[in-house]
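Notes for the structure review
Listed below are the residues making up each chain.
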Amino acid sequence: MEGSRIIEIIISSFPKILIPGLVYTIPLTIISFAIALILAMITAIVQIQKIPVLKYLARFYIWAVRGTPLLVQLFVVFYGLPNIGILIDPFPAAIIVFSINEGAYAAETIRAAIESVPVGQLEAGYCVGMTYWQTMRRIIIPQALRTAFPMLGNEMISMVKDTSLAANITVMEMFMATQRIVARTYEPLVLYCEVGVIYLIFCTVLTWIQHRGEKRLNRYGRR
């Protein structure tokens, strides 16, 4: 009897956990990561160009974000900012925090990738009449992104798992949906294992996409 009840709970709860994953977890990851890449690219270029003042702001941004827990950052934005009159809804607050957090990590990945491109590539661009920015856009950055792709893919997969922290600011993603079902059924072991499996499925799909992307980029790089 107990076994049939557990099976019934697993079957009935699966769509209740999966749907928030498709509606909140995946969009939260994709939107945040896209914004993070923009922030990372700007931050990396500012550091490489050693732009006065901005390079120090970029370094401070990376230092502060990488040196503080993501959960603390979520609490500061969602629970702390209202004390100074800034109210942000849960989902936008999560996007802001995840974007800023991931942007700091991705910035160092992209910076290292750009610096790994041989200086001769830049000189070759000048030789054919390109400006610095044309050379960066057409030659340097494409090569750097190919180098950075595996690490950025890993960071995106990590972000999928980190979105579970958004439950702490009332975002109705997979983990929070699971917590509510646990409160009704009193079956934490089964349900937390179930949500873990769903996270595993999402991450497995992203890993497969990452490997396919790496193969295509490697073929492109050999042409």
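Residues numbered from 1 in each chain as written. Predicted model: local features only at pLDDT ≥ 70, side-chain atom pairs only at ≥ 80, totals over all residues. Heavy atoms only, no water.

1. Things to note about the layout of surface pockets
Let me state the cut-off plainly: For cavity detection a 1 Å grid was placed over the protein atoms alone, and a set of points counts as a cavity when a 1.4 Å probe fits there but cannot get out; an open set counts as a pocket when protein lies on both sides within 12 Å along at least five of seven lines, with lining residues being those that have an atom within 4 Å of a point. Grid points are joined across faces, edges and corners, and a volume is the space filled by probe spheres set on the points. Labels follow the DSSP assignment, with helices taken as runs of H or I lasting at least four residues and strands as runs of E lasting at least two, numbered in each case from the N terminus. Asp, Glu, Lys and Arg are counted as charged, while Ala, Val, Leu, Ile, Met, Phe, Trp, Tyr, Cys and Pro are counted as nonpolar; the rest, among them Gly, fall into the polar class.
In this structure, the largest pocket occupies an estimated 280 Å³ of space. Taken together, 15 residues make up the lining of the largest pocket; nearest its centre are Phe33, Phe149, Leu152, Gly153 and Leu217. For the lining of the largest pocket, the secondary-structure elements that each account for two or more residues are helix 1 (2–49), helix 6 (132–162) and helix 8 (188–222). Per element, the largest residue contribution to the lining of the largest pocket is 8 residues, and it comes from helix 6. Residue classes in the lining of the largest pocket are distributed as 12 nonpolar, 2 polar and 1 charged. The space that makes up the second largest pocket amounts to roughly 160 Å³. What lines the second largest pocket is simply Ile48, Ile114, Glu115, Val117, Pro118, Val119, Leu122, Tyr132, Met136 and Ile140. Ranked by residue count, the leading element in the lining of the second largest pocket is helix 6, at 3 residues. Within the lining of the second largest pocket, the residues separate by chemical class into 9 nonpolar, no polar and 1 charged.

2. Things to note about helix 6
Which entries qualify depends on this criterion: By definition here, a helix of n residues has an expected span of 1.5 Å times n minus one. One axis is fitted to the seven residues ending at the residue and one to the seven starting there. The bend at that residue is the angle between these axes.
The terminal C-alpha atoms of helix 6, which comprises 31 residues, lie only 38 Å apart, well short of the 45 Å expected from a rise of 1.5 Å per residue. Of all the bends in helix 6, the greatest reaches close to 50° and is centred on phenylalanine 149; the proline proline 150 follows between one and four positions later.

3. Thoughts on the state of the cysteines
Here is the rule: Throughout, disulfides are identified as pairs of cysteine sulfur atoms within 2.5 Å of each other. Partly exposed describes any residue whose relative accessible area lies between the buried limit of under 20% and the exposed limit of over 50%, with all areas from a 1.4 Å probe on protein chains only and scaled to the type maximum.
Under the defined criterion, the tally for this structure stands at 0 disulfides. With no disulfide partner, cysteine 193 has as its closest neighbouring cysteine sulfur the one in cysteine 203, 16 Å distant. Under the relative-accessibility criterion, cysteine 193 is labelled partly exposed at 45%.

4. Here's the deal with a positive patch on the surface
The line we're drawing: By definition, no residue in a patch forms a salt bridge, and every one has over 30% relative accessible area; like charges are joined within 9 Å, nonpolar side chains (Val, Leu, Ile, Met, Phe, Trp, Tyr) within 5 Å. Values of accessible area rely on a 1.4 Å probe in the Shrake-Rupley scheme; residue burial ignores everything except the protein chains shown. Just to be clear on terms, a salt bridge is a Lys or Arg side-chain nitrogen sitting within 4 Å of an Asp or Glu carboxyl oxygen. None of His or the chain ends enter the tally, which takes Lys and Arg as positive and Asp and Glu as negative. For this purpose, a charge sits on NZ of Lys, CZ of Arg, CG of Asp or CD of Glu.
On the surface, Arg212, Lys215, Arg216 and Arg219 cluster together into a positively charged patch. Relative to the assigned elements, arginine 219 resides in helix 8.

5. Quick word on the nonpolar core
What counts, and what does not: Working definition of a nonpolar core: buried Ala, Val, Leu, Ile, Met, Phe, Trp, Tyr and Cys residues. They are joined through side-chain atoms within 4.5 Å. What makes two residues a contact is simply this: any of their non-hydrogen atoms within 4.5 Å.
Counting residues in hydrophobic clusters, the biggest one holds 24 residues, and the most contacted among them are Ile110, Ile114, Met136, Ile140 and Leu152. Elements represented by at least two residues in this core include exactly helix 1, helix 2 (54–66), helix 4 (90–116) and helix 6. For this core, the element with the highest residue contribution is helix 6, accounting for 9 residues. In contact with isoleucine 140, other than residues within four places in its own chain, are Ile114, Val117, Gln121, Leu122 and Thr135. Ile17, Met174, Ile181 and Val182 belong to the second largest nonpolar core, which has 14 residues in total.

6. Some details on the packing of aromatic side chains
Just so we agree on the cut-off: Side-chain rings of Phe, Tyr and Trp, where Trp is taken by its six-membered ring, are said to pair if the distance between their centres is within 6.5 Å; with planes under 30 degrees apart they count as stacked, over 60 as edge-to-face, and otherwise as tilted.
Applying the stated criterion across every chain yields a total of 5 aromatic pairs. Aromatic side chains tyrosine 24 and phenylalanine 91 sit 5.9 Å apart centroid to centroid with 70° between the ring planes, which places their arrangement in the edge-to-face category. On the criterion of sequence distance, the pair formed by tyrosine 24 in helix 1 and phenylalanine 91 in helix 4 is long-range, its members being 67 residues apart.

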